[in-house]
Amino acid sequence: MDRGTTVLVFEAPLGSYLYRNALQLRERILRRPLGLNVSAEELTDDTVRQHFCAVDCGSVVGTVSLRPLDETTLHLKQMAVTEQKRATGIGSHLVAHVEHWGACAGFRLMITHARLDAEGFYLKHGYAREGGAFLEKSIPHVRLTKRLA
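To start, this report covers the structure provided alongside it. (Residues numbered from 1 in each chain as written. Predicted model: local features only at pLDDT ≥ 70, side-chain atom pairs only at ≥ 80, totals over all residues. Heavy atoms only, no water.)

Attention now moves to the sheet that holds strand 6 (residues 128–136). Across the sheet, seven strands lie side by side as 1-2-3-4-5-7-6; this open sheet has mixed pairing. A strand with exactly one partner marks an edge of an open sheet, and here the two such strands are strand 1 (7–11) and strand 6. The mean angle between the axes of side-by-side strands here comes to 25 degrees, regardless of whether they run parallel or antiparallel. Relative to the sheet, helix 1 (residues 17–31) contacts strand 1, strand 2 (50–56), strand 3 (59–68), strand 4 (73–81) and strand 5 (109–115), its axis offset from that of strand 3 by approximately 90 degrees. Sheet strands touched by helix 3 (residues 90–104): strand 1, strand 2, strand 3, strand 4, strand 5 and strand 7 (139–147). Its angle to strand 4, the strand with the most contacts, is close to 160 degrees. (Pairing = 2+ DSSP bridges. Helix = DSSP H or I, 4+ residues; strand = E, 2+ residues; numbered from the N terminus. Axes fitted to C-alpha atoms, helices over the stretch in contact; angles between N-to-C directions. Contact = heavy atoms within 4.5 Å.)

It is worth spelling out the pairing of strand 3 at this point. Across the 10 residues of strand 3, seven count as buried, placing the element largely inside the fold. Pairing analysis gives seven bridges linking strand 2 to strand 3, with the strands arranged antiparallel. Paired with Val55 across the two strands is Val60, which belongs to strand 3. One ladder, built from six bridges, connects strand 3 with strand 4; its direction is antiparallel. The partner of Gly62 across the bridge, within strand 4, is Val81. In textbook terms, the turn of a hairpin is the stretch between consecutive antiparallel strands, and for strand 3 and strand 4 this stretch comprises four residues. (Buried < 20%, exposed > 50% of the residue type's maximum accessible area, 1.4 Å probe, protein only.)

Once that is clear, we can look at the pattern of salt bridges. All told, the structure shown has 10 salt bridges when counted by the stated rule. Where Asp46 meets Arg26, a salt bridge forms, and the shortest distance between an N and an O atom there is 3.1 Å. With a gap of 20 residues between them, Asp46 in helix 2 (residues 40–46) and Arg26 in helix 1 connect regions that are remote in the sequence. In this structure, Glu42 and Arg31 form a salt bridge, with 2.4 Å as the shortest nitrogen-oxygen distance. Residue Glu42 is located in helix 2, and its partner Arg31 is located in helix 1; the two are separated by 11 residues in the primary sequence. With respect to burial, Glu42 and Arg31 carry one shared label: buried. (Salt bridge = Lys/Arg side-chain N within 4 Å of Asp/Glu carboxyl O.)

This part is about the environment of Glu27. By secondary structure assignment, the location of Glu27 is in helix 1. Among the residues examined, Glu27 registers a relative accessible area of 18% and is labelled buried. For the pair Glu27 and Lys146, spaced 119 residues apart in the sequence, the C-alpha separation amounts to 26 Å. Residues contacting Glu27, with those up to four places away along its chain left out, are Arg32, Pro33, Asn37 and Val38.

The structure is reproduced here in structure tokens:
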């Protein structure tokens, strides 16, 4: 992260102040550019996920959530960082945090469906592409996986 930047990652329990701010960030970054809003289906899915936020000077600047697929596999979802804080290491910090959290909780595999323009970020963090591109929320994505330590 940038020198002088102190960003902390917190779990954001469903319905909490942090969760509500993360939800607003997800909608602004991931949905509005596509002409979409966070759907009722996504909100229902939120109830079975662990949510995490990166907080800088009291503001939520990044978010990610994890959905267990089975006893050993987590699905990393809804990764977003504010436009002003991209390329500062916050995304890397969030990914490292949730990978550590997952490994400590006994999970062995992390998967994500990344937008094509984010694939390089995940490859840089040790994820491997599986298969070709597919459409999700009307834009191309790829499936990426990583074994957790």
